[in-house]
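Listed here are the chains, written in short residue letters.
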Number of protein chains: 4
Amino acid sequence: MFPLEQGSGALNVFEEMESEVRSYIRSFPAVFRKASGYRLWDTDGKEYIDFFSGAGALNYGHNPTDMKRKLIDYLQEDGISHSLDMATEAKERFLQRFRDAILKPRGLSYKVMFPGPTGTNAVESALKLARKATGRQTVIGFTNAFHGMTLGALAVTGNKFKRKGAGVPLHHAVTFPYDGYMGPNVNTLTYIENFLKDSGSGISLPAAVILETLQGEGGLNAASEPWLRGLAELCRRYGMLLIVDDIQMGCGRTGPFFSFEPFGLKPDIVCLSKSIGGYGLPMALTLFKPELDLWSPGEHNGTFRGNNLAFVTAAEALRHWENGEFEADISRKAKQLRNALNIIASRYPALQAEVRGRGLMQGIAFEAGIAERISQEAFKRGLVIETSGTDSEVIKAMPPLIIDSEGLSEGLRILDDSVKAAAGSMEAAVIQ
Amino acid sequence: MFPLEQGSGALNVFEEMESEVRSYIRSFPAVFRKASGYRLWDTDGKEYIDFFSGAGALNYGHNPTDMKRKLIDYLQEDGISHSLDMATEAKERFLQRFRDAILKPRGLSYKVMFPGPTGTNAVESALKLARKATGRQTVIGFTNAFHGMTLGALAVTGNKFKRKGAGVPLHHAVTFPYDGYMGPNVNTLTYIENFLKDSGSGISLPAAVILETLQGEGGLNAASEPWLRGLAELCRRYGMLLIVDDIQMGCGRTGPFFSFEPFGLKPDIVCLSKSIGGYGLPMALTLFKPELDLWSPGEHNGTFRGNNLAFVTAAEALRHWENGEFEADISRKAKQLRNALNIIASRYPALQAEVRGRGLMQGIAFEAGIAERISQEAFKRGLVIETSGTDSEVIKAMPPLIIDSEGLSEGLRILDDSVKAAAGSMEAAVIQ
Amino acid sequence: MFPLEQGSGALNVFEEMESEVRSYIRSFPAVFRKASGYRLWDTDGKEYIDFFSGAGALNYGHNPTDMKRKLIDYLQEDGISHSLDMATEAKERFLQRFRDAILKPRGLSYKVMFPGPTGTNAVESALKLARKATGRQTVIGFTNAFHGMTLGALAVTGNKFKRKGAGVPLHHAVTFPYDGYMGPNVNTLTYIENFLKDSGSGISLPAAVILETLQGEGGLNAASEPWLRGLAELCRRYGMLLIVDDIQMGCGRTGPFFSFEPFGLKPDIVCLSKSIGGYGLPMALTLFKPELDLWSPGEHNGTFRGNNLAFVTAAEALRHWENGEFEADISRKAKQLRNALNIIASRYPALQAEVRGRGLMQGIAFEAGIAERISQEAFKRGLVIETSGTDSEVIKAMPPLIIDSEGLSEGLRILDDSVKAAAGSMEAAVIQ
Amino acid sequence: MFPLEQGSGALNVFEEMESEVRSYIRSFPAVFRKASGYRLWDTDGKEYIDFFSGAGALNYGHNPTDMKRKLIDYLQEDGISHSLDMATEAKERFLQRFRDAILKPRGLSYKVMFPGPTGTNAVESALKLARKATGRQTVIGFTNAFHGMTLGALAVTGNKFKRKGAGVPLHHAVTFPYDGYMGPNVNTLTYIENFLKDSGSGISLPAAVILETLQGEGGLNAASEPWLRGLAELCRRYGMLLIVDDIQMGCGRTGPFFSFEPFGLKPDIVCLSKSIGGYGLPMALTLFKPELDLWSPGEHNGTFRGNNLAFVTAAEALRHWENGEFEADISRKAKQLRNALNIIASRYPALQAEVRGRGLMQGIAFEAGIAERISQEAFKRGLVIETSGTDSEVIKAMPPLIIDSEGLSEGLRILDDSVKAAAGSMEAAVIQ
């Protein structure tokens with residue numbers, strides 16, 4: 001028995017009342033009721049495997065038991081729900097846990113800022129701080145980068161459709177080619193450095209570079225280790241701060257807690273959001289080196305900086321990182337995912353199928369139009385999986401990190417069927 | 001017995017780990033543990049009356065029983081926690097309730113957009129839409145306005161300190177004087193219209209005007225009814241959209257659900273956040289006339305648009321608005337508040353004490369420096385109350401709307417004592 | 001006999017080849033052949049009195065004999081024509097004369113910059129320098145100001161039609177109301193200071209104010225002495241540089257060499273162009289206090305900074321300022337002009353005729369549409385006179401400063417007839 | 001006998017009175033008195049050969065006899081000196097001659113705009129028109145481009161030192177690499193097209209590309225024919241207008257009247273200035289295809305659009321283009337220049353000497369610091385020659401186009417000596 005009033009199961013209320021701006025409801029047209037781990041159910045009782053993970057906000061799966069219990073206890077005890085940036089026990093526990101489980105073991109001494117509970121707010125605060133600290137204004141963003149929808153974050157976002165939505169020109173940013181943008185044989189750092197070193201290039205010295213180590217929205221482009229190290233070195237040489245936007249790639253999505261760990265980077269500023277709250281609750285952090293903590297009190301603020309329900313689950317979520325098991329487990333499943341995607345892709349050379357990504361953020365790029373059909377076919381078959389890329393050219397497998405081997409296999413089986421259904425006929429047409 | 005691990009009760013973790021940007025923790029230096037209704041308790045067991053209400057996010061008080069029960073039930077049933085903008089039962093219920101309890105009775109037919117769960121995100125989406133719909137770029141903001149910390153919202157915010165934090169010049173906005181800015185005898189609309197109608201004024205026709213009917217952060221300046229009606233008429237004549245930022249003043253803060261209801265305004269776009277979630281949980285809405293729903297799917301998006309825990313409590317919160325009792329009750333308490341503040345203010349003519357505000361958002365403006373001391377004195381005495389104004393010149397009484405008469409009286413008694421303590425000696429000095 | 005090949009006397013070549021952007025040729029549709037003093041002749045031999053003076057570039061009249069002789073001598077001796085910013089004898093003579101006849105007697109010690117030979121270039125260099133010297137970016141411009149057509153100058157220009165021509169939004173400037181803009185009883189400095197002193201006004205401290213003491217293009221609005229002195233004081237208090245754009249009003253147009261002399265102003269930066277070259281030849285100067293000379297060599301440059309033919313005539317023109325006679329003579333003729341305009345205006349109360357301006361830059365404002373018809377009627381009768389104001393609402397009498405009493409009387413007689421012809425019937429209609 | 005008052009021959013007046021912004025006077029520290037053809041004389045009677053040509057404004061040499069006679073006749077006849085954009089005989093003659101000698105023979109049907117008499121004004125008007133015609137805002141400029149000092153032109157200029165002089169961020173422009181910028185093996189058009197075609201590149205579709213076919217200020221970089229043709233094709237495909245800034249390269253500097261003629265380009269807009277006036281007098285033109293003539297009357301204006309003395313000499317100068325002899329003659333001298341430079345450069349392989357340029361705009365690039373010393377050595381020896389490049393790394397030979405073979409040889413002999421003096425010891429040091 002379900003004690004809540006039940007919805008209609010139909011989408012008419014949404015169609016009647018919600019703005020045309022709605023999007024995922026169009027790709028996944030069902031009314032969802034409940035969820036657990038890597039599974040969701042709609043109001044008709046249909047079950048779905050989740051290869052989407054709330055766009056990265058549900059790395060620990062839906063309604064994980066331990067966090068849920070903590071949350072209910074906290075509610076029952078009338079714990080503080082909302083505190084702006086006042087001190088609460090829940091926030092204190094989170095900070096301690098974050099220091100002890102994340103920062104200390106990695107030799108990081110970042111100061112922690114709560115910039116408002118969304119990714120775009122973390123990015124905006126990072127950009128402000130970089131400009132304040134350097135006295136410079138321009139920030140380097142990359143082709144196909146995605147950093148958020150508010151004007152500051154949008155200015156360093158590559159997607160032209162989203163940028164146009166601003167309705168005004170976006171300034172104080174310059175876009176440079178990401179690793180691989182000019183093909184496999186061109187090191188785009190050369191291009192960037194030419195502009196930096198040349199007194200006639202028209203680009204004033206930038207305050208910062210904002211970087212995703214793997215572009216989750218922009219087509220699963222993964223920067224190579226040499227390129228990342230070279231970029232960090234470039235930042236050092238030209239006095240630019242290195243901001244890593246780890247909003248989607250952090251919290252274990254690519255394996256380690258921070259996506260940049262394997263490459264030896266020590267970013268000046270790090271943005272976290274999405275899964276940092278643990279339970280899908282809004283929360284974000286901006287981390288920076290202590291010497292950059294040049295903020296005046298209240299210089300950046302926001303009403304929901306103190307979402308204590310998120311602090312409760314976030315602190316609990318960090319238990320996953322108290323030893324190396326979770327990361328090792330992700331790594332094992334990442335290999336399983338890679339192998340399966342390789343097999344699938346190898347069947348469609350005519351569609352230029354190409355496996356991309358890292359960790360549990362991998363997918364297959366296809367010719368235009370195919371990935372969207374795969375997503376539709378998968379949804380019919382009970383798999384929630386979205387596309388990536390400004391032309392939706394990549395099918396992106398992004399299961400919860402806690403998925404078990406059976407769940408992963410089951411999801412991949414459905415994906416395989418869906419690729420067949422979507423791409424098969426097309427390939428046939430191409431081959432003929 | 002309190003089953004959660006308890007914090008230290010001291011602030012050292014915050015001082016060690018949190019950025020210098022933290023602010024309220026400096027005004028209210030305690031570690032809070034629990035809260036209920038209009039009361040909070042810190043880890044030392046000290047009790048506080050809340051005249052702050054989470055800066056307007058806790059209009060229904062802390063942990064209201066009905067919402068809490070719904071929330072716990074929802075969690076226990078594994079209801080969807082995070083859904084981006086997919087359809088869920090919780091969201092459906094919220095939309096229905098919002099239509100039936102809020103929009104329909106007021107003859108409003110707004111489309112509803114979920115722009116990301118913070119006020120600044122609602123403002124950014126409103127500005128984007130206004131620019132898209134009109135093809136114009138400039139937006140009129142007002143002196144002492146506060147609309148948010150991301151670059152688009154900051155450009156229409158008056159506070160110079162916050163603006164400077166941007167680190168870059170803010171564009172595509174023009175600041176005009178709010179009602180009363182040039183003194184009681186000058187109608188600032190004349191000033192605005194001069195600039196609009198004159199072909200030599202240097203101001204291109206604006207896309208929109210963004211308005212707070214009462215400036216909660218900017219010093220409790222309340223626009224008069226004739227000025228508000230005149231502004232709406234100005235918008236009509238010059239094809240500018242009227243955006244009401246009701247993030248702090250909506251949800252009953254000034255009495256009616258929307259602050260603009262008593263003045264007969266029908267804004268083109270309305271921004272809601274803060275108390276719309278009911279329980280202090282991050283949530284925001286952008287409402288607009290159906291003919292303005294010109295968004296393309298996904299043109300503005302965000303990870304935490306689907307904070308379903310907030311939808312659950314938000315739907316429950318709207319029960320307060322199913323008949324007129326709640327509004328009438330606020331009105332009664334607002335009068336009690338007004339009377340008390342008048343009495344207090346009347347004692348300090350030499351300090352130029354002036355009562356300001358509307359509904360349960362009222363305060364007393366003083367000469368510089370006094371209001372901050374009042375806030376400190378009050379905190380010592382167990383009352384959480386903040387200041388308003390870019391120079392913190394106003395002490396702002398903003399209790400939860402559900403406060404009872406006793407709570408209100410008790411808080412006002414402490415406030416009275418605190419004013420005496422803070423201002424008394426100073427007044428003496430002035431009088432001598 | 002006229003030894004040059006003669007033109008057709010018709011406008012077809014212009015209509016065929018020249019862009020639609022051409023403007024004065026539409027108001028004054030004749031092909032001009034020669035000119036002397038305050039008279040012009042077209043190819044049909046028709047004679048015109050000039051009350052236009054090349055929009056202020058011909059204060060000394062057409063082809064003044066002494067300058068012409070110097071110019072021809074210089075050409076015959078193969079004097080340097082073009083020198084960028086290298087040293088030439090002609091430039092040296094000009095600098096000495098400018099120092100001795102203009103700066104020294106007025107107690108001014110300005111450094112002299114040759115910014116390129118047009119007014120807009122002088123303005124652009126002044127704005128750059130003010131921003132460099134203060135480290136601030138915003139510049140205050142005034143309603144109905146006119147400073148030039150390049151993007152920097154356009155940003156401080158009020159005319160919306162010209163601004164729109166930019167095709168991009170114009171930034172780093174804010175427009176405030178000029179003296180009288182809010183009616184005779186409002187001191188607009190109060191508005192400005194409110195925005196400057198208030199920490200919530202959204203206006204960051206400006207680098208400079210750019211000012212015309214009399215708005216020649218914007219409708220002949222004349223700032224009063226108290227307002228000008230108050231503005232200078234405001235600049236002092238807020239660390240803003242005072243830039244006087246004396247491009248049209250300098251060189252004696254309002255009487256003294258600099259228009260600001262009678263008001264005791266000592267601007268930080270002064271822009272000169274138009275009549276500084278003496279003979280209508282392109283030339284401009286940017287003057288500034290020695291402590292502001294913070295330029296690096298070549299930081300602002302331009303090909304035609306060294307127009308030596310202009311230096312030759314400019315040096316000769318400065319002989320007019322070696323004693324006070326010229327200024328006294330302008331003053332006498334300004335009174336004659338004032339009296340005549342007063343008499344004309346007094347006949348048309350129903351058309352709200354209002355005499356405006358100063359010195360030999362005076363005119364009559366009328367209801368919309370009338371001034372343009374007056375200009376047309378005058379041209380038919382042999383008087384070249386243009387309108388002013390963004391709606392061309394003012395007929396502007398602007399004869400060469402060297403005009404004699406007879407010429408002035410004759411021009412005014414034609415103007416009187418033209419006003420009768422243009423306005424008479426209209427007034428009749430209004431009176432009935 | 002020299003009838004004018006003579007200068008002191010010393011630089012003290014300039015040092016006392018002129019701003020620190022002065023530049024060429026520092027490289028060429030003499031006071032010049034007269035000039036003829038390719039020769040100048042200073043006040044000490046020292047003679048100089050001119051390999052500088054007023055930075056391209058004196059292509060026809062100093063004080064050419066025919067133009068001088070026309071000019072003196074015109075002055076003696078009291079021809080109109082200054083006419084804003086009214087019609088005059090002098091302007092009519094220029095337009096006819098320009099049509100008949102330049103446009104018609106080249107099959108061009110451009111409309112002619114007089115945008116104010118400086119290059120930067122022509123560029124500003126071109127950018128405005130491109131934005132108006134396309135409804136787009138961004139304009140592509142190139143690395144090391146030079147287009148002018150006013151804010152619109154500066155935004156498409158590459159030189160960082162000049163850009164910084166703006167004192168404000170420069171917007172609505174994006175810098176792409178010029179031909180050869182990434183080395184000889186990279187076609188930079190590929191970079192540009194990647195950004196244009198990719199929906200995630202962050203660059204909105206530009207209104208226009210502004211191009212110098214040879215970068216006169218930016219280091220004598222010459223774009224290749226395939227690159228130029230490819231760029232024109234790119235403009236066509238993406239609906240961008242092609243603006244050629246031929247201010248320095250037009251009027252025969254590279255051989256043909258327009259520098260783009262040999263490459264089969266038909267630019268949408270062309271900017272001309274510098275030598276268009278013939279005698280070094282300020283003048284500029286903006287040419288555009290008739291379908292782009294979307295200006296409203298007066299949308300862009302300026303006081304010195306009607307510099308009739310320039311029209312007189314400009315019309316006379318166009319006689320050089322009535323047949324092909326002048327172009328052929330330039331071509332012969334260009335070869336002589338090339339050969340000589342090749343010989344000089346071949347002596348300094350250790351200094352990485354590299355011959356660059358086209359037509360009578362050629363030079364030798366060296367390691368940093370050498371070219372400036374060559375210029376100094378040459379000036380001592382009686383040759384005026386400047387450097388090019390943002391680091392002044394190129395010695396630029398740019399004689400008047402009318403120079404005879406003897407003059408050219410003599411200048412080159414001095415140049416050779418100067419290179420020896422400046423570079424010799426350095427090379428020795430390098431070789432050891």
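Residues numbered from 1 in each chain as written. Chains lettered and ligands numbered in written order. Predicted model: local features only at pLDDT ≥ 70, side-chain atom pairs only at ≥ 80, totals over all residues. Heavy atoms only, no water.

1. Looking at the relation of the copies chain A and chain D
Take chain A, turn it by 180°, move it 0.0 Å along the axis, and it overlays chain D with an RMSD of 0.0 Å. Expressed as a symmetry operation, the mapping of one chain copy onto the other fits a two-fold axis. Taking the C-alpha atom as reference, chain A places His-171 of chain A closest to the rotation axis, 3.3 Å from it. In this assembly, 97% of the residues forming the interface of chain A have copies in chain D that are likewise at the interface, indicating an isologous arrangement. (Least-squares fit on C-alpha atoms with pLDDT ≥ 70 in both. Contact = heavy atoms within 4.5 Å.)

2. Some points on the interface of chain A and chain B
Taken residue by residue, the interface counts 117 residues in chain A and 117 residues in chain B. Area buried by chain A at its contact with chain B is led by Met-17, Glu-89 and Phe-304 of chain A, which between them contribute 7% of it. Summed over the shared surface of chain A and chain B, the result is 8 salt bridges. Two residues, Glu-89 of chain A and Arg-33 of chain B, come together in a salt bridge whose shortest N-O distance is 2.8 Å. (Buried area = accessible area lost by both parts, 1.4 Å probe. Salt bridge = Lys/Arg side-chain N within 4 Å of Asp/Glu carboxyl O.)

3. Some thoughts on the environment of Leu-415 of chain B
Residue and element names in this part refer to chain B. Position of Leu-415 relative to the elements: it lies in helix α14 (residues 405-431). Judged by relative accessible area, which is 1%, Leu-415 ranks as buried. Along the sequence, Leu-415 and Ile-344 sit 71 residues apart, while their C-alpha atoms lie 8.9 Å from each other. In this structure, Leu-415 is in contact with Leu-341, Ile-344, Ile-374, Leu-383, Ile-385 and Ile-395, ignoring residues within four places of it in sequence. (Helix = DSSP H or I, 4+ residues; strand = E, 2+ residues; numbered from the N terminus. Buried < 20%, exposed > 50% of the residue type's maximum accessible area, 1.4 Å probe, protein only.)

4. Quick notes on empty space enclosed by the protein
Of the pockets and cavities examined, the largest cavity occupies roughly 370 Å³. Lining the largest cavity are 25 residues, with Gly-302 and Thr-303 of chain C together with Phe-146, Gly-148 and Lys-274 of chain D positioned closest to its centre. Looking at the lining of the largest cavity, its residues break down into 9 nonpolar, 11 polar and 5 charged. (1 Å grid on protein atoms, 1.4 Å probe; cavity = no way out; pocket = protein on both sides within 12 Å on 5 of 7 lines; lining within 4 Å. Points joined across faces, edges and corners; volume = space filled by probe spheres on them. Nonpolar A, V, L, I, M, F, W, Y, C, P; charged D, E, K, R; others polar.)

5. A look at the interface of chain A and chain D
Every contact between the two is made by 30 residues of chain A and, on the other side, 29 residues of chain D. Taking both sides of the interface into account, the surface hidden between chain A and chain D amounts to around 2,500 Å²; carbon and sulfur atoms contribute 50%. Of all residues in chain A, Lys-160, Tyr-191 and Ser-199 of chain A bury the most surface against chain D, accounting for 26% of the area lost on that side. The interface formed by chain A and chain D holds 0 salt bridges in total. Remark: the boundary between chain A and chain D carries 27 residue pairs in polar contact (both at pLDDT 80 or more). Contributing elements (two or more residues each) for the side of chain A that touches chain D: α8 (160-164), β7 (173-176) and α9 (188-197) of chain A. If you tally residues by element for the side of chain A that touches chain D, the top one is α9 of chain A, at 5 residues. Its residues placed into classes, the side of chain A that touches chain D shows 10 nonpolar, 16 polar and 4 charged. (Polar contact = N/O pair within 3.5 Å; in protein donor to acceptor, adjacent residues only side chain to side chain.)

6. Quick notes on the packing of helix α4 (residues 65-76) of chain B against helix α11 (residues 308-317) of chain B
All names here are of chain B. For the pair α4 and α11, the least separation of the axes is 9 Å and the interaxial angle reads 145°. Crossing of α4 against α11: the hand is right-handed. Of the residues in α11, those touching α4 at Asp-66, Met-67, Lys-70, Leu-71, Tyr-74 and Leu-75 are Asn-308, Leu-309, Val-312, Thr-313, Glu-316 and Ala-317. Its residues placed into classes, the contact of α4 with α11 shows 7 nonpolar, 2 polar and 3 charged. (Axes fitted to C-alpha atoms, helices over the stretch in contact; angles between N-to-C directions. Left-handed = near helix turned anticlockwise from the far one by under 90°.)

7. Overview of helix α11 (residues 308-317) of chain D
Within α11 of chain D, 10 of the 10 residues are buried, which leaves it mostly tucked inside the rest of the structure. The elements touched by buried residues of α11 of chain D are α4 (65-76) of chain C together with α4 (65-76), β4 (87-88) and α5 (89-103) of chain D.

8. Section: the sheet that holds strand β1 (residues 31-36) of chain A
Read across the sheet, 5 strands follow the order β16(A)-β3(A)-β2(A)-β1(A)-β4(B) without closing on themselves; strand pairing throughout is mixed. A single partner strand is all that each edge strand has here, and the edge strands are β16 (383-384) of chain A together with β4 (87-88) of chain B. Relative to β4 of chain B, β1 of chain A is paired through 2 bridges, and the arrangement is parallel. Paired with Val-31 of chain A across the strands is Ala-87 of chain B, a residue of β4 of chain B. (Pairing = 2+ DSSP bridges.)

9. Observations concerning the relation of the copies chain A and chain B
For the pair chain A and chain B, the best superposition has an RMSD of 0.0 Å and corresponds to a rotation of 180° with a translation of 0.0 Å parallel to the axis. Counting the interface residues of chain A, we find that 100% of their copies in chain B are interface residues as well, pointing to one common contact surface.

10. Quick look at the pattern of salt bridges
Inspection of the entire model under this criterion finds 121 salt bridges over all chains. Ionic pairing is found between Glu-316 of chain C and Arg-319 of chain C, a salt bridge with its closest N-O pair at 3.3 Å. We classify Arg-319 of chain C as partly exposed; its relative accessible area is 36%. The network of salt bridges with shared partners includes Glu-16 of chain A together with Arg-99, Asp-100 and Lys-104 of chain B.

11. Considerations on the sheet that holds strand β2 (residues 39-42) of chain D
Spatial strand order, β4(C)-β1(D)-β2(D)-β3(D)-β16(D): 5 strands in an open sheet with mixed pairing. For this open sheet the edge positions go to β4 (87-88) of chain C together with β16 (383-384) of chain D, each flanked by a neighbour on one side alone. Where β2 of chain D and strand β3 (residues 47-50) of chain D come together, 3 bridges link them in antiparallel fashion. Residue pairing for β3 of chain D: Arg-39 of chain D is matched across the bridge by Ile-49 of chain D.

12. Some words on the nonpolar core
Phe-98 of chain A, Phe-98 of chain B, Phe-98 of chain C together with Phe-98 of chain D are the most contacted members of the largest nonpolar core, which has 478 residues in total. Leaving out residues up to four positions away in the same chain, Phe-98 of chain D has contacts with Leu-103, Val-112, Phe-257, Phe-258, Leu-272, Ile-276, Leu-285, Leu-287 and Leu-318 of chain D. (Core = buried A, V, L, I, M, F, W, Y, C linked by side-chain atoms within 4.5 Å.)

13. Notes on the environment of Ala-310 of chain A
Residues and elements named next belong to chain A. Relative to the elements of secondary structure, Ala-310 occurs in helix α11 (residues 308-317). A sequence separation of 34 residues divides Ala-310 from Ile-276, and the C-alpha atoms of the two residues are 8.5 Å apart. When residues no more than four places from it in sequence are discounted, the contact partners of Ala-310 are Gly-277, Leu-281, Pro-282 and Met-283.

14. Focus on the packing of α9 of chain A against helix α10 (residues 225-238) of chain A
Residue and element names in this part refer to chain A. At a closest axis distance of 10 Å, the pairing of α9 and α10 adopts a crossing angle of 10°. Taken together, the axes of α9 and α10 lie roughly parallel to each other. The segment α9 lies against α10, with Thr-188, Leu-189, Ile-192, Glu-193, Leu-196 and Lys-197 engaging Trp-227, Gly-230, Leu-231, Leu-234, Arg-237 and Tyr-238. A class-by-class count of the residues in the contact of α9 with α10 yields 7 nonpolar, 2 polar and 3 charged. (Parallel < 35°, antiparallel > 145°, perpendicular 65-115°, else oblique.)

15. Things to note about the domain arrangement of chain A
All names here are of chain A. Examined at the domain level, chain A breaks down into domain 1 (12-63 + 324-431) and domain 2 (67-321). For domain 1 and domain 2, the distance between their C-alpha centroids amounts to 25 Å. Each partner contributes residues to the interface: domain 1 has 30 residues there, and domain 2 has 33 residues. By the criterion of area lost to domain 2, the three top residues of domain 1 are Tyr-60, Arg-358 and Met-361, representing 30% of everything that side buries. Summed over the shared surface of domain 1 and domain 2, the result is 1 salt bridge. (Domains from an automatic or database assignment.)

16. As for the packing of aromatic side chains
Taken as a whole and judged by the stated rule, the model has 91 aromatic pairs over all chains. Between Phe-258 of chain B and Phe-260 of chain B, the aromatic rings sit 5.0 Å apart at their centres with planes inclined by 15°, giving stacked as the arrangement. Taken individually, Phe-258 of chain B and Phe-260 of chain B each receive the classification buried, so the pair is uniform in this respect. Joined through ring pairs, the aromatic side chains of Tyr-60, Phe-94, Phe-98, Phe-114, Phe-257, Phe-258, Phe-260, Phe-311, Trp-321 and Phe-326 of chain A make up one cluster. The ring of Phe-114 of chain B carries the charged tip of Lys-91 of chain B above its face, separated from the ring centre by 4.5 Å. (Phe/Tyr/Trp six-rings, centres within 6.5 Å; stacked < 30°, edge-to-face > 60°. Lys NZ or Arg CZ within 6 Å of the ring centre and 35° of its normal.)

17. Things to note about the environment of Leu-127 of chain A
Residue and element names in this part refer to chain A. Following the sequence through the fold, Leu-127 ends up in helix α6 (residues 119-134). Each C-alpha atom, one on Leu-127 and one on Leu-241, is 9.8 Å from the other, the two residues being 114 residues apart in sequence. Setting aside chain neighbours within four positions, we find Leu-127 in contact with Val-139, Gly-152, Ala-153, Val-156, Ile-210 and Ile-243.

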